[in-house]
Amino acid sequence: MRRRSSSDLLRSGRRTATIALTSSILTIIIISTRNAKWRSPRAAVIPNFHLPMRSFEVKNRTSVEDIKALRLITAIKTPYLPDGRFDLEAYDALVNMQIEQRAEAVIVGGTTGEGQLMSWDEHIMLIGHTVNCFGGSIKVIGNTGSNSTREAIHATEQGFAVGMHAALHINPYYGKTSLDGLVSHFNSVLPMGPTIIYNVPSRTGQDIPPLVIHSVAKSANLAGVKECVGNDRVDNYTKNGIVVWSGNDDECHDSRWSHGAVGVISVTSNLVPGLMHELMFGGKNPSLNATVLPLMKWLFQEPNPIGLNTALAQLGVVRPVFRLPYVPLPLAKRVEFVKLVKEIGRENFVGKRDVQVLDDNDFILVGRY
């Protein structure tokens, strides 16, 4: 049997001492843990000090006050080629019609523009294209909101980098979050530039209550709120100095002239921008409001932008191409639209072709693009 050397004995002693020390420490930890009062962990919010795409040299830099002053903002339609790609020639013509009829801004890639059916590459490209072609004549507001804060931050950085004047941000939908989560989400994107928050519970499944808006209103970059809940909510904000745009075309006249809304973010102005301009700038006009209300109601009988896509195709200003899951309104509704155009006056609508009733076979439905 081999005798253990002094070095072996030393190593053995060290191991024994280490085990004993470790055992003592564990005993102390266990005792102290049993005696300590449990506390819930606190979430760590990392300040967003690093905004790599932020620049004070961004093309068409605009102020928050410039955005707050806008009265008529059109949620612009995105037209398609037969293979489902963007029809930029038709898009440019649509934006030019808005400029000629004195719309002050366009929302690019919003619900109406089908940003939900775009890749982010398409989305940012269209924002950049709009800025490059029209940024000197009309304000360009990019819809860079997302239910993912990470994606919202990245898209907003890119949107401002390509020159958009302001961002539109929806609250996280489907997965939703807590009220504190909403505040943190919006505070993550507000430092980048002028921002409009969009509240439409019918689509997101969650209302953004005034508590959240009043909290994030501490940011100098909050331009205001696109509000779809109704005029009682509009009153709440305007009485507290928060700028509001009506998100409901059929309420926008009363929102503007009776409840203090600064204006409207409109779908209907895609079709009749001149009439919508008069509705927002010309003072109370119940007669004009009554004239356009039937058109507004027709547009929203199915989820937007189904009605608008159908209408613009029948006016001949876009190709009758739909990206699925959107499909055109049925024939009876298409006939109703032609009657509405004649009653309101073809001269008030965009485009120059005679309005026509399209057949089912005239439409192209694209699932892959």
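All figures in this text were calculated on a predicted structure; none of them were measured in a lab.

How do you make sense of the side chain of Lys 226 when you look at a structure like this?
Inspection of the secondary structure puts Lys 226 in strand β6 (residues 222–227). We note that Lys 226 is buried and unpaired, the nearest opposite charge coming from Asp 249 at a distance of 7.6 Å. Among residues more than four places away in sequence, those in contact with Lys 226 are Ile 196, Ile 197, Tyr 198, Asn 199, Trp 245, Gly 247 and Ile 265.

I tried to follow the nonpolar core on my own but got confused; where do I start?
Core analysis: the biggest nonpolar cluster contains 62 residues, and Leu 271, Leu 315, Phe 337 and Phe 349 have the highest contact counts within it. Listing elements by their share of this core, those giving two or more residues are α3 (88–100), β2 (105–108), α4 (120–134), α11 (273–281), α12 (286–299), α13 (306–314), β9 (321–323) and α14 (331–344). For this core, the element with the most residues is α12, which contributes six residues. Not counting residues up to four positions away in its chain, the partners in contact with Leu 271 are Leu 295, Leu 299, Leu 308, Ala 311, Leu 312, Leu 315, Phe 337, Asn 348, Phe 349 and Val 350.

Looking at this model, I keep getting lost on the pairing of strand β3 (residues 139–143). Mind explaining?
The two faces of the sheet receive side chains in turn, since in a regular strand these alternate between them. Among the five residues in β3, four count as buried, and that is most of the element. Relative to β3, β2 runs parallel, the two sharing four bridges. Opposite Ile 107, over in β3, you have Ile 141 as the bridge partner. A crossover links β2 with its parallel partner β3, the connecting element being α4, and its sense is right-handed. Pairing between β3 and strand β4 (residues 166–170): three bridges, direction parallel. Bridge pairing links Gly 142 to Ala 167 in β4. Crossover handedness for the path β3 to helix α5 (residues 149–161) to β4: right-handed.

Help me understand the packing of α4 against α5 in this model?
For any two helices packed against each other, one specifies the crossing angle of their axes together with the interaxial distance. Contact geometry of α4 with α5 gives a least axis separation of 10 Å together with a crossing angle of 30°. Accordingly, the angle class assigned to the pair α4 and α5 is roughly parallel. Crossing of α4 against α5: the hand is right-handed. Taken together, the residues of α5 that come into contact with α4 (itself represented by Trp 120, Ile 124 and Ile 127) are Glu 151, Ala 155, Gln 158 and Gly 159.

I'm lost on the packing of α13 against α14 in this one. Help?
As a packed pair, α13 and α14 sit with axes 11 Å apart at the nearest point and diverge in direction by 60°. Taken together, the axes of α13 and α14 are oblique relative to one another. In this structure, the crossing between α13 and α14 has a hand that is right-handed. The residues of α14 that touch α13, namely those facing Thr 310, Ala 311 and Gln 314, are Arg 334, Phe 337 and Val 338. When the residues that make up the contact of α13 with α14 are grouped by side-chain class, the tally is three nonpolar, two polar and one charged.

Just to check I follow, could you spell out the pattern of salt bridges for this structure?
One side chain can pair with another of opposite charge once the charged atoms of both are near each other. For the coordinates displayed, the defined rule picks out nine salt bridges. Here Lys 68 makes a salt bridge to Glu 65, at a shortest N to O gap of 3.6 Å. Here Lys 68 and its partner Glu 65 are both found in helix α2 (residues 64–68), three residues apart, which amounts to about one turn of the helix. The exposed category is assigned to Glu 65, whose relative accessible area is 53%. Salt bridges here are not isolated pairs; linked through shared partners, they connect Asp 207, Glu 227 and Arg 233.

Reading the values: the criteria
- Residues numbered from 1 in each chain as written.
- Predicted model: local features only at pLDDT ≥ 70, side-chain atom pairs only at ≥ 80, totals over all residues.
- Heavy atoms only, no water.
- Helix = DSSP H or I, 4+ residues; strand = E, 2+ residues; numbered from the N terminus.
- Buried < 20%, exposed > 50% of the residue type's maximum accessible area, 1.4 Å probe, protein only.
- Lys, Arg positive; Asp, Glu negative; His and termini not counted.
- Salt bridge = Lys/Arg side-chain N within 4 Å of Asp/Glu carboxyl O.
- Contact = heavy atoms within 4.5 Å.
- Core = buried A, V, L, I, M, F, W, Y, C linked by side-chain atoms within 4.5 Å.
- Pairing = 2+ DSSP bridges.
- Right-handed = clockwise from strand over helix to strand, strands pointing away.
- Axes fitted to C-alpha atoms, helices over the stretch in contact; angles between N-to-C directions.
- Parallel < 35°, antiparallel > 145°, perpendicular 65-115°, else oblique.
- Left-handed = near helix turned anticlockwise from the far one by under 90°.
- Nonpolar A, V, L, I, M, F, W, Y, C, P; charged D, E, K, R; others polar.

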